[in-house]
Amino acid sequence: MSNKGYKQLKGIRILLSLPKRDDKGIELSPELKEEMNREYATKMDKLEVYAIGDAVTDIQAGDIVYVPVEELKRGTFVTINDEEKLMVPSMSVALIW
């Protein structure tokens, strides 16, 4: 396993790092946690690319990107090295800064 916490990201997927937030020690059910994560995602406009899939050619890890809210809502939350990441198709990226 690589030091990134996984072996390889496949296809046209990208993993986005989410901004840090204070959880204030509240324990949530997995369902409520995912719902709150989706609401949190709607407030984000610039996200850092954590990793790219093996078929992605126009985006690099470390790029800052804008993904429309509708696409963020369709993303999948993944925990890597105890951090939440959001996985979306690379085609969801509208802007690269």
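Residues numbered from 1 in each chain as written. Predicted model: local features only at pLDDT ≥ 70, side-chain atom pairs only at ≥ 80, totals over all residues. Heavy atoms only, no water.

Participant: I'd like a description of the sheet that holds strand E4 (residues 76-80), backed by residues and values.
Facilitator: Read across the sheet, six strands follow the order E4-E5-E1-E2-E3-E6 without closing on themselves; strand pairing throughout is antiparallel. This sheet does not close on itself; its edge strands, each paired only once, are E4 and strand E6 (95-96). Relative to strand E5 (residues 83-89), strand E1 (residues 13-17) is paired through five bridges, and the arrangement is antiparallel. When the bridges of E5 are listed, Leu16 appears paired with Leu86. (Pairing = 2+ DSSP bridges. Helix = DSSP H or I, 4+ residues; strand = E, 2+ residues; numbered from the N terminus.)

Participant: Before we move on, can you summarise unusual backbone geometry with the specific residues and values?
Facilitator: Phi is positive for Asn81, which is not a glycine, with a value near 50 degrees. Residue class for Asn81 comes out partly exposed when judged on its relative accessible area of 47%. Of note, Asp82 is a non-glycine position whose phi angle comes to about 65 degrees, a positive value. Locating Asp82 in the fold gives a position in the loop between E4 and E5. (Buried < 20%, exposed > 50% of the residue type's maximum accessible area, 1.4 Å probe, protein only.)

Participant: Tell me what's going on with the packing of aromatic side chains, and back it up with residues and numbers.
Facilitator: Tallied over the full model, the rule gives zero aromatic pairs. A cation sits over an aromatic face here: Lys46 above Trp97, 4.7 Å from the ring centre. Seen from the ring of Tyr50, Lys85 lies directly overhead, with NZ or CZ sitting 4.1 Å from the centre. (Phe/Tyr/Trp six-rings, centres within 6.5 Å; stacked < 30°, edge-to-face > 60°. Lys NZ or Arg CZ within 6 Å of the ring centre and 35° of its normal.)

Participant: Let's hear about the pattern of salt bridges: which residues, and what values?
Facilitator: Pairing between side chains of opposite charge can happen when their charged atoms approach one another. Taken as a whole and assessed by the stated rule, the structure comprises four salt bridges. Salt-bridge contacts for Asp54 lead to Lys10; the nearest nitrogen and oxygen are separated by 3.2 Å. Placement of the pair is Asp54 in the loop between strand E2 (47-52) and strand E3 (64-66) and Lys10 in the segment before E1, with a sequence separation of 44 residues. On the accessibility criterion, Lys10 (46% relative accessible area) is partly exposed. (Salt bridge = Lys/Arg side-chain N within 4 Å of Asp/Glu carboxyl O.)

Participant: Give me the nonpolar core: which residues, what numbers.
Facilitator: Among the nonpolar cores identified, the biggest contains 16 residues, and Leu16 and Leu86 are the most heavily contacted of them. Elements with a minimum of two residues in this core: E1, E2 and E5. Contacts of Leu86, omitting those with residues within four sequence positions, involve Ile14, Leu15, Leu16, Leu18, Leu72, Gly75, Thr76 and Phe77. Leu9, Leu15, Tyr50 and Ala51 belong to the second-largest nonpolar core, a separate cluster that totals six residues. (Core = buried A, V, L, I, M, F, W, Y, C linked by side-chain atoms within 4.5 Å. Contact = heavy atoms within 4.5 Å.)

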